[in-house]
Amino acid sequence: MPEDLSKLSVDEVFRKLESSRNGLSEEAFHRRIKNYGYNEIPEEKISPVVTFLSYFWGPIPWMIEIAIILAAVIQHWEDVYIIGALLLLNAGVGFWQERKAGNAIELLKKKLALKARVLRDGKWLEIAARELVPGDVIHLRLGDIIPADIKLISGEYLSLDESALTGESLPVEKQVSDVAYSGSIIQQGEMNAVVTTTGLNTFFGKTARLVEKAETPSHLQQTIIKIGDYLIVLAMVMVAIIFVSSLFRHESFLETIQFILVLVVASIPVALPAVLSVTMAVGATVLAKKEAIVSKLVSIEEMAGMDVLCADKTGTITKNKMTLAKIKPFSPFTEEDVLLYAFLASQEESKDPIDDAILVKAHEKLGDLTSKYRITKFKPFDPVSKRTEAFIENSYGFKVSKGATQVILSLTDIGIHKEMEEYVDRFARKGYRSLGIAKTDRQQKWHYVGLIALYDPPREDSAITIEKAQSMGVAVKMVTGDHVAIAKEISEEVNLGKNISIPSSFLDKPDREVKSIIEDADGFAQVFPEHKYNIVKLLQNSGHIVGMTGDGVNDAPALKKADAGIAVVNSTDAAKSAADIVITRPGLSVIIDAIKESRKIFQRMNNYSIYRIAETIRVLFFISFSIIIFNFYPVTALMIVLLALLNDAPIMTIAYDHVIYSDKPEKWNLHNILAIATMLGLVGVLTSFLILYIGIDEFHLSREVLQSFIYLKLSVSGHLMVFIARTKGHFWSIKPSMPLFLAVIITQFIATLITVYGFLLPAMGWNLAIFVWIYCLIVFVIVDFLKVRFYKWLDQGKLIF
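Because the structure is predicted, anything quoted here is derived from the model rather than measured.

## Focus: the overall build of the protein
At step 1: Helix and strand counts for the protein stand at 27 helices and 21 strands.
At step 2: For the protein, buried positions account for 56% of its 801 residues.
At step 3: Put simply, of all contacts in the protein between residues at least 6 apart along the chain, 72% involve residues at least 24 apart.
At step 4: For the protein, the accessible area works out to roughly 35200 Å², and carbon and sulfur atoms hold 57% of it.

Encoded structure:
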């Protein structure tokens, strides 16, 4: 086993590692891959066989299995074979759907995988963290999740959150020669380190997971529970009545129990959570193609209901491509001095947009002058100090610093406060962001060198995208740490308005006053990360579903608090881990695309819920009342199993159905869902009794043929119900997707052939089958018109449930 590098001194590490000061060579990298493998923790995989067998374990499979045993006891061997085969087939379909959804989630996890800045062959590269090997030199900065166990080799310090490792909430400071562990979050500082151990050999034993489960039930989960409870109560009441009535009629106890078990299986919406999960998983893959990666599936529902979006100015509304617009030197310094000292206070490997803008301008204007200075020590920017600092080696040695204008002013004692404020305001009115530059003299006394004005222009599509969001019922509020004047300028350019609030205007104010301020504001300026959390909380307390964008480690609390936390392009690992959705393309347009797609997914889930409730009421009530009132079993236990399989298995294709997204935020309206579903279900009960009457009194069908006749009616009407439930308007208002349409045609073609030719069920011939189809289609059109009218009454408040 190769030597543990963490136990060596920094000098020993460098001596042990070939070319480590320039990073590993490609040859060394491949050699170490052979020794150590990739830096990844293999997840505990459940065997596909175990997954498949799990479909035979649980209350619902047990009920079917007990029904099979009872069929064997009463020697209904045909039922035993057929129901057993159907159980296997159902397990196969469920297994396939789960694997498909699981594969979709795996793809999303890979897209959210950690990245690392590594030195290879003398060049800084960004690679997947899983490709790190011991001996790699990596650069770490604020907001990173440490991707492997490391030894710090250069830089000032790191302040780490090791709570995931130790449970200790206080930050831990690390310096050169210290060891830091995989999974720690960098809260302050910037350093270089050498990778010592990776993968399973790390102290933590696993890298931080970016995709995690919701800790509390979402609105979706709560809704599923309520729908399930509603249908279970109905099923229990009906089967209890059937059981009691069978006892009074002295019917076979075992046959009654077998029938009741199968009826309960058909009535309880066991597939509801699976269908909704598959719908969200499929939708998540669509969102990923639009460059919005979902880390928590339930966040899709929250995104669909979002009515306020707090959007970061930088990188979301603006381009996040800083350009150095103006330079203002303070006497006796020149513009070249300001640019030079700003250059020395910047760091190329940080890849910070501000540093990049300064470096580009310095190389352009100063040329070789920048190479004459040697930086011996560098303190990177952090949110507490709000400045960078570099130690420069020359004949006497001096320090330079760049940062927030007021912070730099606090270092100096020269009376330039008014002049500085005047230029900061002047730059701000043009939408420029000001940074102060300072340096020390021979006595280590600080002098304010000057200001640099940086401009980050709005994206070309921001104004149009904001207008589109507002037309969809989403209020966009700009959030920025910049000066109020800058915020107002950018806000006006993108047609948001000039009502910009600062935290002091609403913090520690009465609730009624706060609500008015934050709801009326077009944006918030001079905001620190902790203020974002309060803004989200206040908006939520006012009844809003809030989306919040962020990219830094200190944005994590606000992203977690938001109903839909959105990590934008180039976010830190900590922000990604806290967010519900990670955006991989800059700008607001991708967020709007995510809202549209989320609302489509919500529509599909809502449509399926209506269908499932209506279908349960229709089948359960019709069968129950037929037994209770007429002492007639309209279908057999086998027919109920066939009905459940042929109607539920293909319904998974609703995940691909065509829908039109709503122009308003979506939310679960159980009142309307239960009202429309109950209406459709009860109408289905009446039309089922009508065709039962026709079969008995008009066609004089035998008991066996009548059951096949009723089975086909229930099957065909069941899938036609899908086309009724999927739209608020008439069924032709939105064209169904081809997968859904073909699923209905194929399954009902199979159901028709089974009843016509007597495969598994008594044969009834083509004449009766054609009559059933014509009857179902006529009823389908009539019910569709009733549905449209019913929705209008609901919207007008004429119906109270």
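Continuing now.
## Observations regarding the pairing of strand E14 (residues 432–440)
At step 1: Here E14 lies mainly inside the structure; 8 of its 9 residues are buried.
At step 2: As paired strands, strand E13 (residues 398–403) and E14 are joined by 4 bridges and run antiparallel to one another. Considered in E14, the bridge of Gly403 is made with Gly436.
At step 3: Summarising the sheet, E14 and strand E15 (residues 446–455) pair through 9 bridges and their orientation is antiparallel. In the sheet register, Leu435 faces E15, and the bridge partner there is Ile452.

## Some words on the packing of helix H25 (residues 703–725) against helix H26 (residues 738–757)
At step 1: Running from N to C, H25 and H26 cross one another at 175°; their axes reach a closest spacing of 10 Å. The orientation of H25 relative to H26 falls into the category roughly antiparallel. Residue-level inspection shows Ser708, Tyr711, Leu712, Ser715, Val716, His719, Val722 and Phe723 of H25 in contact with H26, the latter providing Leu740, Phe741, Ala743, Val744, Thr747, Gln748, Ala751, Thr752 and Thr755.
At step 2: Across the contact of H25 with H26, the residue classes break down as 10 nonpolar, 7 polar and no charged.

## Remarks on H25
Because an α-helix packs 3.6 residues into every turn, residues spaced three or four apart end up facing the same way.
At step 1: The end-to-end C-alpha separation of H25 is 32 Å, in line with the 33 Å expected for 23 residues at 1.5 Å each.
At step 2: For H25, the buried fraction is high: 21 of the 23 residues fall into the buried class.

## Re the packing of aromatic side chains
At step 1: The tally for this structure, following the rule as stated, stands at 18 aromatic pairs.
At step 2: On the basis of an interplanar angle of 55° and a centroid distance of 6.1 Å, the ring pair of Tyr423 and Phe427 is categorised as tilted. Here Tyr423 and its partner Phe427 are both found in helix H15 (residues 417–429), 4 residues apart, which amounts to about one turn of the helix.
At step 3: Judged by its relative accessible area of 18%, Tyr423 is buried.
At step 4: Accessibility expressed as a relative area gives 7% for Phe427, which makes it buried.
At step 5: On the basis of an interplanar angle of 50° and a centroid distance of 4.7 Å, the ring pair of Phe731 and Phe780 is categorised as tilted. With Phe731 in the loop between H25 and H26 and Phe780 in helix H27 (residues 765–796), this residue pair connects regions lying 49 residues apart in the sequence.
At step 6: Looking at Phe731, the relative accessible area reads 26%, which means it is partly exposed.
At step 7: With a relative accessible area of 8%, Phe780 lands in the buried category.
At step 8: Joined through ring pairs, the aromatic side chains of Tyr423, Phe427, Tyr432 and Tyr455 make up one cluster.
At step 9: The positively charged end of Arg426 is found above the aromatic ring belonging to Tyr423, 4.5 Å away from the centroid.

## Observations regarding the sheet that holds strand E9 (residues 308–312)
At step 1: Across the sheet, which stays open at both edges, the 8 strands sit in the order E8-E21-E20-E19-E9-E16-E18-E17 with mixed pairing between neighbours. The open sheet has two edge strands, strand E8 (292–294) and strand E17 (500–501), and neither has a second partner.
At step 2: Relative to strand E19 (residues 546–550), E9 runs parallel, the two sharing 3 bridges. When the bridges of E19 are listed, Cys310 appears paired with Met548.
At step 3: Across the face of the sheet, helix H19 (residues 529–541) comes into contact with E9, strand E16 (475–479), strand E18 (523–524) and E19 while running at roughly 170° to E19.

## Some remarks on the side chain of Lys402
At step 1: Here Lys402 shows up in strand E13.
At step 2: Using a relative accessible area of 5% as the deciding quantity, one classes Lys402 as buried.
At step 3: Side-chain polar atoms of Lys402 contact the backbone oxygen of Ala345, separated by 2.9 Å.
At step 4: A polar contact is formed between the side chain of Lys402 and the side chain of Ser346, at a distance of 3.5 Å.

## Observations concerning the sheet that holds strand E12 (residues 387–393)
At step 1: One open sheet accounts for 6 strands, arranged E10-E15-E14-E13-E12-E11; its pairing is antiparallel. Strands with a single pairing partner mark the edges of an open sheet, and in this sheet they are strand E10 (323–329) and strand E11 (374–379). The average angle at which neighbouring strand axes cross in this sheet is 25°, direction not considered.
At step 2: Contacts from helix H13 (residues 353–366) reach E10, E13, E14 and E15, with the element oriented near 75° to E10.

## Side note on the pattern of salt bridges
At step 1: Counted by the stated rule, this structure contains 15 salt bridges.
At step 2: Note that Arg120 is salt-bridged to Asp136, the shortest N-O span being 2.8 Å. Here Asp136 lies in the loop between strand E2 (123–128) and strand E3 (137–141) and Arg120 lies in strand E1 (residues 115–120), a separation of 16 residues in the sequence.

## Concerning the nonpolar core
At step 1: Met303, Ile591, Leu680, Phe709, Ile710 and Tyr711 are the most contacted members of the largest nonpolar core, which totals 119 residues.
At step 2: Ranked by residues supplied to this core, first place goes to helix H22 (residues 589–630) with 20 residues.
At step 3: Apart from the residues within four sequence positions on either side, Phe709 is in contact with Ile691, Gly695, Phe699, Leu701, Met764, Leu768, Phe771 and Val772.
At step 4: Phe333, Phe343, Ala357 and Val449 belong to the second-largest nonpolar core, a separate cluster that totals 28 residues.

## Regarding the pairing of E2
Residues in a regular strand point their side chains to alternate faces of the sheet.
At step 1: Strand direction decides the pairing type here: E1 and E2, joined by 6 bridges, are antiparallel. The partner of Val118 across the bridge, within E2, is Leu125.
At step 2: Taking the residues between adjacent antiparallel strands as the criterion, E1 and E2 are bridged by 2 residues, where Asp121 takes a positive phi near 55°.

## Topic: the confidence of the model for the protein
At step 1: A residue-level look at the protein finds 78% of positions with pLDDT of 70 or above and a mean pLDDT of 78.
At step 2: For residues 41–60, every residue scores under 50 in pLDDT, and the model assigns this stretch 34 contacts once sequence neighbours within four places are set aside.
At step 3: A low-confidence stretch, residues 206–216 stays under pLDDT 50, and its non-local contacts, those more than four residues away or across chains, total 24 contacts.

## Notes on unusual backbone geometry
At step 1: A cis geometry characterises the amide bond from Ser331 onward to Pro332, with omega recorded as 10°.
At step 2: The backbone of Gln444 shows a phi angle near 60°, a positive value even though the residue is not glycine.
At step 3: With respect to the helices, strands and loops of the structure, Gln444 is situated in the loop between E14 and E15.
At step 4: Residue His700 is not a glycine yet carries a positive backbone phi of 50°.
At step 5: Turning to its location among the elements, His700 is positioned in the loop between helix H24 (670–698) and H25.

## What about a nonpolar patch on the surface?
At step 1: Taken together, the side chains of Tyr757, Trp766, Ile770, Ile774, Ile778, Ile782 and Leu786 define a hydrophobic patch exposed on the protein surface, amounting to about 720 Å² of accessible area.
At step 2: Here the nonpolar patch gets 6 residues from one element, more than from any other, and that element is H27.

## Details of helix H16 (residues 462–471)
At step 1: Of all the residues in H16, the buried ones are Ser462, Ala463, Thr465, Ile466 and Ala469. For H16, the angular spread of the buried residues around the axis is 165°, confining them to a single face. In this structure, H16 carries Ile464 and Glu467 as exposed residues pointing more than 90 degrees from its buried face.
At step 2: At its buried positions, H16 is contacted by helix H11 (313–317), E16, helix H17 (484–493) and H22.

## Observations regarding the packing of H22 against H25
A packed helix pair is summarised by two numbers, namely the angle formed by the two axes and the spacing between the axes.
At step 1: Interaxial distance between H22 and H25 falls to 9 Å at its minimum, and their mutual angle equals 155°. Judged on the interaxial angle alone, H25 and H22 are roughly antiparallel. Helix-helix and strand crossings are classified by hand; for H22 and H25 the assignment is right-handed. Contacts between H22 and H25 pair Asn607, Ile610, Tyr611, Ala614, Glu615, Arg618 and Phe622 from the former with Ile710, Lys713, Leu714, Ser717, Gly718, His719, Met721, Val722 and Ala725 from the latter.
At step 2: Split by residue class, the contact of H22 with H25 holds 9 nonpolar, 4 polar and 3 charged.

About the cut-offs
- Residues numbered from 1 in each chain as written.
- Predicted model: local features only at pLDDT ≥ 70, side-chain atom pairs only at ≥ 80, totals over all residues.
- Heavy atoms only, no water.
- Helix = DSSP H or I, 4+ residues; strand = E, 2+ residues; numbered from the N terminus.
- Buried < 20%, exposed > 50% of the residue type's maximum accessible area, 1.4 Å probe, protein only.
- Contact = heavy atoms within 4.5 Å.
- Areas by Shrake-Rupley, 256 points an atom, 1.4 Å probe, with all protein chains shown as cover.
- Pairing = 2+ DSSP bridges.
- Axes fitted to C-alpha atoms, helices over the stretch in contact; angles between N-to-C directions.
- Parallel < 35°, antiparallel > 145°, perpendicular 65-115°, else oblique.
- Nonpolar A, V, L, I, M, F, W, Y, C, P; charged D, E, K, R; others polar.
- Expected span 1.5 Å × (residues − 1).
- Phe/Tyr/Trp six-rings, centres within 6.5 Å; stacked < 30°, edge-to-face > 60°.
- Lys NZ or Arg CZ within 6 Å of the ring centre and 35° of its normal.
- Polar contact = N/O pair within 3.5 Å; in protein donor to acceptor, adjacent residues only side chain to side chain.
- Salt bridge = Lys/Arg side-chain N within 4 Å of Asp/Glu carboxyl O.
- Core = buried A, V, L, I, M, F, W, Y, C linked by side-chain atoms within 4.5 Å.
- pLDDT = per-residue confidence, 0-100.
- Patch = residues over 30% accessible without salt bridge, like charges linked within 9 Å, V, L, I, M, F, W, Y side chains within 5 Å.
- Arc of directions from axis to C-beta.
- Left-handed = near helix turned anticlockwise from the far one by under 90°.

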